[in-house]
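# Structural overview for review
The chain contents come next:
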Amino acid sequence: MPVYEYQCSRCGHLKEVFQKISESPLEVCPRCNGKLKKIISQSNFHLKGSGWYVTDYGGANSGSKPKEQSSAKSEKSASKSDSK
């Protein structure tokens with residue numbers, strides 16, 4: 001069940017409420033009977049790490065290699081075969 005925060009426009013009182021999504025929002029402040037406004041608060045959900053990439057999971061050989069490295073390796077192997 002989500003937690004919603006409300007702030008009174010009259011007295012500034014903050015109230016956290018567990019509510020179903022289908023429930024109607026609160027409208028009256030319990031302290032001063034002023035008008036409540038639903039506020040957006042910071043979420044507890046955090047994504048950590050460098051990102052959602054193929055290279056983030058798996059072994060050392062997973063994912064694709066950059067083109068510069070693969071072309072440099074192919075040039076080195078071509079020069080080695082030419083010198084033999």
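Further up the page is the structure itself.
Residues numbered from 1 in each chain as written. Predicted model: local features only at pLDDT ≥ 70, side-chain atom pairs only at ≥ 80, totals over all residues. Heavy atoms only, no water.

What the three strands build is an open sheet, ordered β2-β1-β3; its pairing is antiparallel. Edge strands, defined here as strands with exactly one partner in the open sheet, are β2 (14–18) and β3 (36–39). Geometrically, the sheet is characterised by an average inter-axis angle of 35 degrees between neighbouring strands, direction not taken into account. The sheet contact formed by strand β1 (residues 3–8) and β2 spans five bridges and is antiparallel. (Pairing = 2+ DSSP bridges. Helix = DSSP H or I, 4+ residues; strand = E, 2+ residues; numbered from the N terminus. Axes fitted to C-alpha atoms, helices over the stretch in contact; angles between N-to-C directions.)

Counting six residues, the largest nonpolar core consists of Tyr4, Tyr6, Cys8, Val17, Cys29 and Leu36. Per-element tally for this core: the top contributor is β1, with three residues. Aside from chain neighbours lying at most four places away, what touches Val17 is Pro2, Val3, Tyr4, Tyr6 and Leu26. (Core = buried A, V, L, I, M, F, W, Y, C linked by side-chain atoms within 4.5 Å. Buried < 20%, exposed > 50% of the residue type's maximum accessible area, 1.4 Å probe, protein only. Contact = heavy atoms within 4.5 Å.)

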